[in-house]
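Remarks on the overall topology
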Amino acid sequence: MSDHELFGRTTELAALGAFVDGLPEEGGALVVRGAPGIGKSALLSWAAHRAERSGVTVLSASGVEAETHLPFAGLYELTRTMLDRVPGLPPVQAEALLGAFGLTEAPPTGHAPQLFMIALATLDLLGEAAAQAPVLLVVDDAQWLDPPTLDVLAFIARRLGREPLGMLLAVRDGHPTCLDTLALREFRLHPLTTIDAAALLDTVEPRLEPPLRHRVLDAAAGNPLALIELPAALREHEASAEALTSSAIPLTSRLERAFASRLLDLPSDTRNVLLIAASDDDGALGEVLAAASVLAGSDVSPESLSPAAEIGLVTADEYRIRFCHPLVRSAVLQAASLAERLAAHGALAAVLDGQSDRRTWHRAAATGRRDESVAVELDRTAARAEARGAPAVALAALERSIALGENASRMGKRLVRAAELALELGRTNQAAALVQSAVPLAAEVPERARTVLVGEGLDVGVSTSVPRLRLLITTAEEAAAGDPELALRLLRAAARRCWWFDPGVALRERVVAAAERLPVPELHPDLLYVLAFATPLERGATVIQRFERLESEGGYDAPAAATLGTAATAMGGYDHAVGFLRHAAAGLRAQGRLGLLAQTLVSLSFASAHIVDRESGLPSVAEAIRLAEETAQARWLTGALIAKAHFSAVLGDLETAQSAIEQAERQTLAQANPSNLAFIQIARGLIGLAAGRHAEAFACVWRVFDPADPAHHPYLQTVAIPVLAEAAVSDEDRAAGRGVLGRLDAAAAATTARMIRANLGFAHALLADDEDAEESFRSALALDHSGDPFTRARLLLAHGVWLRRRRRVMESRAPLRIARECFASLGTQPWYERACQELRSAGEAGVPNKGSAQSGPADWDLLTPQELQIAQLAATGLSNREIGRQLYLSHRTVAAHLYRIYPKLGITSRGQLREKLQPDG
């Protein structure tokens, strides 16, 4: 690479120099974007050398288009010099990282390492190295890295900034990557100015004739590589001058032709070696020469490279061949015929014994027709990629297998599995096309059932489709005999639809009956999920009894706990949900399953918001938002934002509540979902109550009860009814509230869920006529509110108000005092102020005109949700590294948070945290 490519880049070099020089103090990521030949590689090379001279450990990798199908190839290239440090990682991380590189035995089916665990292992590995000396990752042509490596780099890039770890990436224009959504710092390399371009051309070709000089300047359009390469190509191949300078041909193509023109006079052995190297995904010298020998039919020696090296096309040492620019590689491939390219891949496949995946890919590239034997090998490659935690690579292998396969039965299976992987990766358009192709080829029941499940994953917006529900039930009944677990998965989807909308008793009972006929244990989490979602009120008592047995017996893993917790929230068992969900969150963190962890945290956030558990709820909400965004789960992000709005409303932060609910509504427009629509209206009702706008609150929540409204939800009415009752001030609203309350009483008669019983009792007390109110309040207060202090405090406040307004002033003070103290401890400022106002109206002495509710220690209010979460974990005795592994942060990021936490809490050491975070601390 020539220094000439840095010509005219003074500003860019200054920016890169500042970035590199600042690494010891603060890390970060910087993306350099630009067209081919614009100088990205030269700038990265300059930065890498500057960093090395400053004592920075530089880890480099270059994306190669031929490597995109090799899982974690780029990550291996980046970290290969640090593999001796892997044994120092926690065992689960070390196993995941080595498994990703294929350096350990493949795990059992269904136990592939999670991508985020691999990413966390990489972050910890780099963090350990950065503790000794700053580390800079330098990645050229990042657009051609394999997808799993790009995902790992995106994970790391989100977490840079608190330690001396930097990332410098070059990305070619016109090639989108997963890094584009991260809002990383970047600068774009523009063409050289006319003056700089002319000066560079005069430097590299000082004796160029004026007509040719003008022609080169016009054709190069300020591209440094073009200014360097075009003059020689134009002089040596005048016949190609038009193709090399025509503005009708893209500059990249003209540069490729300029490089290709140099190939014409090279010896045949040299051209063969270059073609093999361009087709290879590794560039190992021995491998390339061996394949070139197969191609030539005779031994090819290392000397065959000399002619190419002399004219600046490649460099080589005793280990590896490198092209001087990616465009040289593409020029070599473009110059070869199709037959020559196929033969090159065939030659590489012939010499790659012992490297099954690479051999398979080259075999696939070498065939110009369908070949079932190659397709079968690609199936095995896909399975190995899945086992290594690289579903994107597995999908690519299956797609190639589909293109080459001949067996119709296997084709159906391939299409179904490819569709499942595409859906898992969030590629919905691709999944839809694959499943459409799979349907006519899915001859066996399991494949047909799986196509229906993929279709269900694609059809989340059509949640009120009765035909879709019938298809799920029928397919499950067909699959039951051969695969009960698959049938149960279908019935889960059917039950979820029953919860979204009420298809009628007959269909809901059919779902439950089909599930109960399956030969699975009655405590099977998926069976309980079906019962809870399809018949949340009718079988609520049965489900709760089984929850209690599971809580007593234990023995369920993290995914099962997530299923149980979600089921508990669906049928109003929030008191059971919290325990299941906390257990699930801990296990999912340890397994690196951040997608399911995000969903679990959203469910936990809703449960915590309902009982106003700030201590665990606020950190859960913040983390749920962060992880839902990172794992691209739009529907769950909406749920997290609704929980944030709910919390903010009851705590009195109405500005934040309004902002969060508006953002959630925007998300919901793109992800139509009745449950989220209903939760939004409930949150809006709470915002209205907190602001004292009761009519507005009632209008919002009434939508949940109106069958004609998109927000109507038959089961979330049990969550909405206390908000509706509290908002019902006018006689008309109170009458409407009593009407829906009567229907809810009948529907919920069979459930024993404490939250539902308490919510109904609350609504009866607030909506009762004067003659019935006393008994209604007495009955409601006698219910078990041990897990829901906020509802009980609101009930006491309403009771005190009712007593005072009936001139029973002395009696009113006791419930009002208790309500005020409860609101104070919960931090629910609007209700605290209301209780204070009512106490003043009741003649209570010493009630301040202004005051603040407190949630445990007042210091909590000074911490952000993430700081509170870190402080809580540190108070339990966990080290920074252990906290980082739980929260998927680097240990230095944790240390930086603690550095800010201590002065906020007025302490100086970790040992004081436990005492400070105690309620009386």
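Use the structure listed above.
What comes next is a walk through the structure. The written sequence of each chain sets the order in which its residues are numbered from 1. This being a predicted model, a pLDDT of at least 70 is required before a residue's local features are given, and a value of 80 or more before pairs of side-chain atoms are given or counted; all residues contribute to the totals for chains, interfaces and linings. Each side-chain value is worked out from all heavy atoms of the structure, with water and hydrogens disregarded.

Secondary structure elements follow DSSP: runs of H or I of four or more residues count as helices, runs of E of two or more count as strands, with numbering from the N terminus. Of regular secondary structure, the protein possesses 46 helices and 7 strands. Expected size for 921 residues packed as a compact globule is a radius of gyration near 29 Å; at 33 Å, the protein falls within 12% of this value. When its C-alpha atoms are laid out on the principal axes, the protein stretches across 105 × 65 × 50 Å. Taken across its 921 residues, the protein has 57% of its residues classed as buried. Here a residue-residue contact requires only that any non-hydrogen atoms of the pair lie within 4.5 Å. At a minimum sequence separation of 6, the contacts of the protein that also span at least 24 residues come to 69%. Note on areas: Shrake-Rupley with a 1.4 Å probe; residue coverage comes only from the protein chains shown. When the accessible surface of the protein is split by element, carbon and sulfur atoms take 52% of a total near 36,900 Å². Computing the positive centroid from 91 side-chain charges and the negative centroid from 111, the protein places the two 4 Å apart. Two things to know: the radius of gyration comes from C-alpha atoms, and the globule rule equals 2.2 Å times the number of residues to the power 0.38. The cut-offs for exposure are 20% and 50% of the maximum accessible area for each residue type, with area from a 1.4 Å probe on protein chains only; residues under the lower value are buried, those over the upper are exposed, and the others partly exposed. Only four residue types enter the tally: Lys and Arg on the positive side, Asp and Glu on the negative side, with His and both chain ends excluded. For this purpose, a charge sits on NZ of Lys, CZ of Arg, CG of Asp or CD of Glu.

Every case where a carboxyl oxygen of Asp or Glu lies within 4 Å of a side-chain nitrogen of Lys or Arg is listed as a salt bridge. Here the structure, examined in full by the defined rule, presents 59 salt bridges. For Arg358, the salt bridge goes to Asp280, with nearest N and O atoms at 2.8 Å. Note that Arg358 is positioned in helix α17 (residues 356-366) and Asp280 in the loop between α12 (268-279) and α13 (285-296), a separation of 78 residues in sequence. When its relative accessible area of 10% is taken as the criterion, Arg358 is described as buried. Close ionic contact of Glu287 with Arg358 constitutes a salt bridge, the shortest N to O distance being 2.6 Å. With Glu287 in helix α13 and Arg358 in helix α17, this residue pair connects regions lying 71 residues apart in the sequence. For the residue pair Glu287 and Arg358, the accessibility class agrees, reading buried in each case.

Turning to unusual backbone geometry, a few remarks are in order. One non-glycine residue with positive phi stands out, namely Val612, at about 55°. Here Val612 lies in the loop between α30 (594-611) and α31 (614-630). Its identity as a non-glycine residue notwithstanding, Ala632 has a phi of 55°, on the positive side. As for its placement among the helices and strands, Ala632 is situated in the loop between α31 and α32 (634-651). Look at Ala632 and you get exposed, because its relative accessible area is 67%.

Here we come to the pairing of strand β3 (residues 135-140). Buried residues dominate β3, accounting for 6 of its 6 residues. Here β3 shows two buried faces, one formed by Val135, Leu137 and Val139 and the other by Leu136, Val138 and Asp140. The criterion for strand pairing is that DSSP finds at least two bridges linking the strands in question. Judged from the 6 bridges that link them, strand β2 (residues 57-62) and β3 form a sheet pairing that is parallel. Each residue of the ladder has a partner; that of Leu59, found in β3, is Leu137. Bridge count for β3 against strand β4 (residues 165-172) is 5 bridges, and the pairing is parallel.

A few words now on α12. Helix span, as expected, comes to 1.5 Å for every residue beyond the first. With 12 residues, α12 should reach 16 Å at 1.5 Å per residue; the first-to-last C-alpha distance of 16 Å fits that figure. The element α12 is extensively covered by neighbouring structure, given that 9 of its 12 residues are classed as buried. Buried residues of α12: Thr270, Asn272, Val273, Leu274, Leu275, Ile276, Ala277, Ala278 and Ser279, and no others.

Our focus in this paragraph is the packing of aromatic side chains. Only the six-membered ring of Trp is used, alongside the rings of Phe and Tyr, when aromatic pairs are assigned; centres must lie within 6.5 Å, and planes under 30 degrees apart are stacked while those over 60 apart are edge-to-face, with the rest tilted. As enumerated under the stated definition, the model contains 13 aromatic pairs in all. With 5.5 Å between their ring centres and 70° between their planes, Tyr556 and Phe580 make a pair best called edge-to-face. Placement of Tyr556 in the loop between α27 (540-553) and α28 (558-570) and of Phe580 in helix α29 (residues 574-591) is noted, with a sequence separation of 24 residues between them. With respect to class, Tyr556 is no different from Phe580; both count as buried. Ring geometry for Phe777 against Trp802: centres 6.0 Å apart, planes inclined by 45°, an arrangement best described as tilted. Separated by 25 residues along the polypeptide, Phe777 in helix α39 (residues 770-781) and Trp802 in helix α40 (residues 789-805) bring together distant segments of the chain. Residue Phe777 shares its accessibility class with Trp802, and that shared class is buried. Feature note: the residues Phe116, Phe155 and Tyr888 constitute an aromatic cluster, connected by ring pairs. Over the aromatic face of Phe155 sits the side chain of Arg159, whose NZ or CZ is 3.7 Å from the ring centroid. Should the NZ of a Lys or the CZ of an Arg lie within 6 Å of a ring centre and within 35 degrees of the ring normal, that charge is described as sitting over the ring. We note Arg834 situated over the ring of Trp831; from NZ or CZ to the ring centre the distance is 5.5 Å.

Taken in spatial order, the 5 strands make up an open sheet running β2-β3-β4-β1-β5, and their pairing is parallel. The sheet terminates laterally at β2 and β5 (185-188), the two strands that pair on one side only. For this sheet, the mean angle separating the axes of adjacent strands, direction not counted, is 15°. Direction of pairing for strand β1 (residues 28-34) relative to β5: parallel, over a ladder of 4 bridges. In the sheet register, Val31 faces β5, and the bridge partner there is Glu186. Its contacts with the sheet put helix α2 (residues 40-53) on β1, β2, β3, β4 and β5, and the angle it makes with β4 is roughly 165°. A fitted line through C-alpha atoms serves as each axis, taken over the contacting stretch for helices, and the angle formed by two N-to-C directions is quoted from 0 to 180°.

So, about the packing of helix α37 (residues 731-747) against helix α38 (residues 754-767). Between α37 and α38, the shortest axis-to-axis distance is 10 Å and the interhelical angle comes to 150°. Between α37 and α38 the crossing geometry is left-handed. Across the interface between the two elements, Arg734, Gly737, Arg738, Leu741, Leu744 and Asp745 from α37 touch Leu760, Ala763, His764, Leu766 and Leu767 from α38. Throughout, the ten residues Ala, Val, Leu, Ile, Met, Phe, Trp, Tyr, Cys and Pro are labelled nonpolar, Asp, Glu, Lys and Arg are labelled charged, and all others, Gly among them, are labelled polar. In terms of residue class, the contact of α37 with α38 is built from 6 nonpolar, 2 polar and 3 charged. Take the far helix as your reference; a near helix turned counterclockwise from it by less than a right angle gives a left-handed crossing, and one turned clockwise gives a right-handed crossing.

The term disulfide is used for any two cysteine sulfur atoms that are within 2.5 Å. In total, this model carries 0 disulfides according to the counting rule given. No disulfide involves Cys822; its sulfur sits 13 Å from that of Cys836, the nearest cysteine. By relative accessible area, which is 18% here, Cys822 ends up buried.

The next point concerns the pairing of β4. Most of β4 is tucked away: 8 of the 8 residues are buried. Of the two faces of β4, both are covered, the one formed by Leu165, Met167, Leu169 and Val171 as well as the one formed by Gly166, Leu168, Ala170 and Arg172. Judged from the 7 bridges that link them, β1 and β4 form a sheet pairing that is parallel. Its bridge partner lying in β4, Val32 is registered against Ala170. Place the viewer so that the strands point away; then a crossover is right-handed whenever the path from the first strand over the helix to the second strand goes clockwise. Handedness of the crossover is the feature at issue here: the chain leaves β3, passes through helix α6 (residues 147-157), returns alongside β4, and the resulting connection is right-handed.

In this model α38 runs 20 Å from its N-terminal to its C-terminal C-alpha over 14 residues, within 8% of the 20 Å that 1.5 Å per residue would give. Counting buried positions over the 14 residues of α38 gives 11, a clear majority of the element. For α38, the elements touching its buried residues are α29, α30, α36 (717-727), α37, α39 and α40.

What follows deals with the environment of Leu342. Tracing the sequence through the fold places Leu342 in helix α16 (residues 338-351). Once the C-alpha coordinates of Leu342 and Ile756 are considered, the two residues, 414 residues apart in sequence, prove to be 68 Å apart. Dropping the residues within four chain positions of it, Leu342 is found in contact with Ala365, Ala366 and Thr367.

Next up on the list: the packing of α16 against α17. A pair of packed helices can be characterised by two numbers: the angle between their axes and the separation between those axes. Axis separation between α16 and α17 bottoms out at 8 Å; the angle between their running directions is 155°. The angle between α16 and α17 falls in the class roughly antiparallel. Pair α16 / α17 crosses with left-handed handedness. In this structure, α16 contributes Leu342, His345, Gly346, Leu348 and Ala349 to the contact, and α17 contributes Arg359, His362, Arg363, Ala365 and Ala366. Looking at the contact of α16 with α17 residue by residue, the class counts come to 5 nonpolar, 3 polar and 2 charged. The scheme is simple: roughly parallel for angles under 35 degrees, roughly antiparallel for over 145, roughly perpendicular for 65 to 115, oblique for anything else.

That is the geometry; function is a separate question.
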